[in-house]
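Residue strings, one per chain:
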Amino acid sequence: MQSDLTFAALGLAEPLLRALTDAGYTEPTPIQAKGIPAVLGGGDLLAAAQTGTGKTASFALPILQRLMEAPRARNGRPRALILTPTRELAAQVDASVRSYGEHVAVRSLAIYGGVSLFGQSKALRRPVDIIVATPGRLLDHLSQGTLKLSDIEVFVLDEADRMLDMGFIHDIKKIMAKLPAQRQNLLFSATFSPEIRALAEGLLHNPASIEVAPRNTTAERVDQSLCLVPQNAKRDLLIHLIRERQWFQVLVFSRTKHGADRLADQLSRAGIPAEALHGNKAQNARTRTLDAFKRARLQVLVATDIAARGIDVDQLPMVVNFELPNVPEDYVHRIGRTGRAGAEGSALSLVDPDAEGKQLRAIERLINRRIERVVVDGFTVDEAARPAQRPPRDAQAPGQRHSHRHNKNPARQSERPQGRDGNPPRRSRNGAGNPRARG
Ligand code: AMP
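### As for the packing of aromatic side chains
Right, on to step 1. Enumeration according to the criterion identifies two aromatic pairs in this entry.
Right, on to step 2. When the ring of Tyr-25 is compared with that of Tyr-100, the centres are 6.0 Å apart and the planes differ by 65°; the resulting orientation is edge-to-face. Taken as a pair, Tyr-25 in the loop between helix H1 (14-23) and helix H2 (30-40) and Tyr-100 in helix H4 (residues 87-100) lie far apart in primary sequence, 75 residues in all.
Right, on to step 3. The partly exposed category is assigned to Tyr-25, whose relative accessible area is 34%.
Right, on to step 4. Residue Tyr-100 is classed as buried on the basis of its relative accessible area of 5%.
Right, on to step 5. Between the aromatic rings of Phe-59 and Phe-188, the centroid separation amounts to 5.1 Å while the plane-to-plane angle is 55°, which identifies the pairing as tilted. Of this pair, Phe-59 sits in helix H3 (residues 55-69) while Phe-188 sits in strand S6 (residues 184-189); the two residues are 129 residues apart in sequence, bridging distant segments of the chain.
Right, on to step 6. The exposure class assigned to Phe-188 is buried, which follows from its relative accessible area of 1%.

### Here's the deal with unusual backbone geometry
Right, on to step 1. The residue Asn-206 is not glycine, and still its phi comes out positive at about 40°.
Right, on to step 2. Along the chain, Asn-206 turns up in the loop between helix H9 (194-203) and strand S7 (208-211).
Right, on to step 3. Among the residues examined, Asn-206 registers a relative accessible area of 78% and is labelled exposed.
Right, on to step 4. Even without glycine at this site, Gln-246 takes up a positive phi of about 55°.
Right, on to step 5. Locating Gln-246 in the fold gives a position in the loop between helix H11 (234-244) and strand S9 (250-253).

### Things to note about the pairing of strand S3 (residues 108-111)
Right, on to step 1. The alternating pattern of S3 places Ser-108 and Ala-110 on one face and Leu-109 and Ile-111 on the opposite face, and all of these are buried.
Right, on to step 2. Bridge analysis of S3 against strand S4 (residues 130-133) gives four bridges, and the strand direction is parallel. Within S4, the position partnered with Ser-108 by the bridge is Ile-130.
Right, on to step 3. Viewed along the sheet, the connection from S3 through helix H5 (residues 117-124) into S4 turns out right-handed.

### Quick look at the sheet that holds strand S5 (residues 154-157)
Right, on to step 1. An order of S3-S4-S2-S5-S6-S1-S7 is seen for the seven strands of this open sheet, with the pairing classed as parallel. With partners counted over all chains shown, the strands left at the sheet margins are S3 and S7, one partner each. Direction aside, neighbouring strands of the sheet carry axes that sit 15° apart on average.
Right, on to step 2. Bridge analysis of strand S2 (residues 80-83) against S4 gives four bridges, and the strand direction is parallel. Bridging across to S4, Leu-83 finds its partner in Ala-133.
Right, on to step 3. Where H4 meets the sheet, it contacts S2, S3 and S4, and its direction lies at approximately 175° from that of S3.

### Some points on the pattern of salt bridges
Right, on to step 1. Overall, the coordinates contain 16 salt bridges when judged by the stated rule.
Right, on to step 2. Asp-165 is paired through a salt bridge with Arg-162; the nearest N and O atoms lie 4.0 Å apart. With Asp-165 and Arg-162 both in helix H7 (residues 160-165), this residue pair falls three residues apart, about one helical turn.
Right, on to step 3. Linking Asp-236 and Arg-235 is a salt bridge whose minimum nitrogen-to-oxygen distance equals 3.6 Å.
Right, on to step 4. Its relative accessible area of 33% is what places Arg-235 among the partly exposed residues.
Right, on to step 5. Residues participating in the shared-partner salt-bridge network are Lys-55, Asp-158 and Glu-159.

Conventions adopted
- Residues numbered from 1 in each chain as written.
- Predicted model: local features only at pLDDT ≥ 70, side-chain atom pairs only at ≥ 80, totals over all residues.
- Heavy atoms only, no water.
- Phe/Tyr/Trp six-rings, centres within 6.5 Å; stacked < 30°, edge-to-face > 60°.
- Helix = DSSP H or I, 4+ residues; strand = E, 2+ residues; numbered from the N terminus.
- Buried < 20%, exposed > 50% of the residue type's maximum accessible area, 1.4 Å probe, protein only.
- Pairing = 2+ DSSP bridges.
- Right-handed = clockwise from strand over helix to strand, strands pointing away.
- Axes fitted to C-alpha atoms, helices over the stretch in contact; angles between N-to-C directions.
- Contact = heavy atoms within 4.5 Å.
- Salt bridge = Lys/Arg side-chain N within 4 Å of Asp/Glu carboxyl O.

Here's what the structure looks like:
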């Protein structure tokens, strides 16, 4: 996925190149190779790029360069505004900007909810160049007069599709109305719905347009499989797999906040350190949980889609979908948490064939492939043995692990891909197949 170019050839200044060397980046990713010169050129940009492609650096580096070349005005007001859908993403983008801008005198500040407004207002009294913000909290500061957007030269909408999904369209419009007319606009989005196109049309003027890769390349880098398992047997299967395959850094997606809490509790009670991450938790609790997970002190993180947006763990080896998402694109986003920046990862979905068949078909249509079925005797149901729609009346309730379809002896459990007799199962590279390995 890397290009042959160097960062120097893209026209970046020496202090930025030094920061990239510090970060261990040797070559630009495709979005950086195309995006950096486009943004340095000063025009508007429409970019189709998912998280994991290196998109943050593709806008952060040229913005830093532009700002370092023209010293800030005396009023100390921000000159670049980056809007993100979630607090985690805002914090993460701010951290990236600070790291790329390590050797330049440009100050970045993250503004998001869940933390004290007062502390942020205080930080805003000092001159600042770049604001990375979520829409709601930014509007709070605008209405309190603690922040003015009159000097914004560059405006970035990051993960614009997700912002619209989260209902931020009115907030975005209110914010755009406060920006000076003369400015550079950059819009990043993983998907292009008619709503995104309408937003782009209103925002961008003669934009350069880049699409770095076909939409589902993330999906192609990830080893995907699924287990057909009744909803009420999923927890036991997950516990079994975590133990059996020795997964030590697992991100589990839950459809609801309540479900995330309950599953984290159940795993903890089974002796597997787990915590939930979702929007109902206080910001400092979320930061603490995420930090423990990143440092691999926490074995399992159970997250909702929205809370997981900003999670950036290098080479996260394993993602589990405890339930399939309703929106098939979310499946691609979820599995994009693993296999990032060229690394390989594994994603396993636990699918209740009765309740989630429709979502599964929509996902397989979107990614244009059939996800491999893995059989775990004693837990999964056999697709071939299932009647087309409904289970026969004499079948046991879903979740009865010892029905006639299931192996009665858990000690002889085996795992094999369905319909591929004789082939070994595709295993997670995180220790599976090697009982002593730790991820
Ligand atoms: P992003 O898509 O911006 O979230 O970036 C995904 C991950 O790739 C982050 O962990 C970055 O630190 C990393 N990354 C970005 N650009 C490069 C690069 N040129 N070489 C290596 N890693 C990179």
